[in-house]
Amino acid sequence: MSEPTQAPRLYAFIKGTGPKTIVLLHGFGGFHGVWSEIQPGLVQGARVLAYDLPGHHRSLSYPNAGPAGVAVKAILADLQERGITKAHFVGHSMGGAIASLIGLRAPEVAASLTLLAPGGFGPEINADLLRRYGAATHADELRSCLNEMSAPAFAMPTKYVIGLAASRGGRGQHEKLVQIAAAITKGERQGEIPRDMLATLTMPVTVVWGTEDTVLPFSQTQGLPPNFKLEVLVGRGHMLMEEARETVLRIICRTTR
């Protein structure tokens, strides 16, 4: 008789304990380590899970990785397996789109949504930059892309660049990111979450966006549902966790209370 096949599971880096759960979802091409300077500031009274999304780093081999819907199902299944029935979701870029879809699909699980320059809020996307970022493997290539994603005066710290480069060292990672980038930017546009769908979200939703975002334009904040709270970060680009770390941490602490 053959051994039962173990169900696939996402990797989550966990810090803290407590009655509250906070889930951190990185953007395309990232990994759990992009939250390394944010996660420790959230652990008071909370268990904080920073995931590697399907197709990324330690979740590289997750089946059918790429579509946001696969990530949504995977995260909800993982939380259920851990016995977590309620959580605050924080997502950056693609992770913001996934958090939004979790709120739509399983509103009973989402205590709040904090969306940092979320994907899916408009069709415009810097497709060329995203594809170059997905294909980058060496630190110098990544640094160039990350600086281009950031506001003009900001230089991405070397520690961040090295960590990200190391996360892309797994066999098949380069090919998977190229594949996901092509799907995200098909037709030079990204998929949208209709505003009328977003308006049905009943949990607290905070959207955080930099006015100098070169990946997803700040103009996508126009026409947000009236119940959404918008936090405008003047002069900041797309890489908000590094460009405005203390501000982002304060906002997350407030929205996950």
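## So, the pattern of salt bridges
1) Next: One pass over the full model with this rule turns up 10 salt bridges.
2) Next: Residue Arg9 is joined to Glu81 by a salt bridge in which the shortest nitrogen-to-oxygen separation is 3.5 Å. Of the two residues, Arg9 sits in the segment before strand E1 (11–15) while Glu81 sits in helix H1 (residues 68–81), which places them 72 residues apart along the sequence.
3) Next: For Glu81, a relative accessible area of 55% translates into the label exposed.

## Thoughts on the packing of helix H4 (residues 139–149) against helix H5 (residues 158–167)
1) Next: One can describe the packing of H4 onto H5 by two numbers: an axis separation of 9 Å at closest approach and a directional angle of 120 degrees. With respect to each other, H4 and H5 are oriented oblique. Considering only the axes of H4 and H5, their crossing is right-handed. Counting all contacts with H4, which are made through Ala139, Leu142, Arg143 and Leu146, the residues of H5 involved are Thr158, Tyr160, Val161, Leu164 and Ala165.
2) Next: Per-class residue counts for the contact of H4 with H5 are seven nonpolar, one polar and one charged.

## Some thoughts on helix H9 (residues 245–255)
For an α-helix, the turn length of 3.6 residues means that residues three or four places apart are oriented alike.
1) Next: Buried within H9 are the following residues: Val248, Leu249, Ile251, Ile252 and Thr255. Across the axial projection of H9, the buried residues extend over an arc of 165 degrees, all falling on one side. Structural note: H9 exposes Glu246 and Arg250 on the side pointing more than 90 degrees away from its buried face.
2) Next: In this fold, the buried residues of H9 make contact with strand E4 (87–92), strand E5 (110–116), strand E6 (205–210), strand E7 (228–233) and helix H8 (240–243).

## Considering helix H3 (residues 127–135)
1) Next: Among all positions in H3, only Ala127, Leu129, Leu130, Tyr133 and Gly134 are buried. On an axial view of H3, the arc spanned by its buried residues comes to 165 degrees, and they lie on one face.
2) Next: Summarising the contacts, the buried residues of H3 are in contact with H4, H5 and helix H6 (173–184).

Cut-off values and rules
Residues numbered from 1 in each chain as written. Predicted model: local features only at pLDDT ≥ 70, side-chain atom pairs only at ≥ 80, totals over all residues. Heavy atoms only, no water. Salt bridge = Lys/Arg side-chain N within 4 Å of Asp/Glu carboxyl O. Helix = DSSP H or I, 4+ residues; strand = E, 2+ residues; numbered from the N terminus. Buried < 20%, exposed > 50% of the residue type's maximum accessible area, 1.4 Å probe, protein only. Axes fitted to C-alpha atoms, helices over the stretch in contact; angles between N-to-C directions. Parallel < 35°, antiparallel > 145°, perpendicular 65-115°, else oblique. Left-handed = near helix turned anticlockwise from the far one by under 90°. Contact = heavy atoms within 4.5 Å. Nonpolar A, V, L, I, M, F, W, Y, C, P; charged D, E, K, R; others polar. Arc of directions from axis to C-beta.

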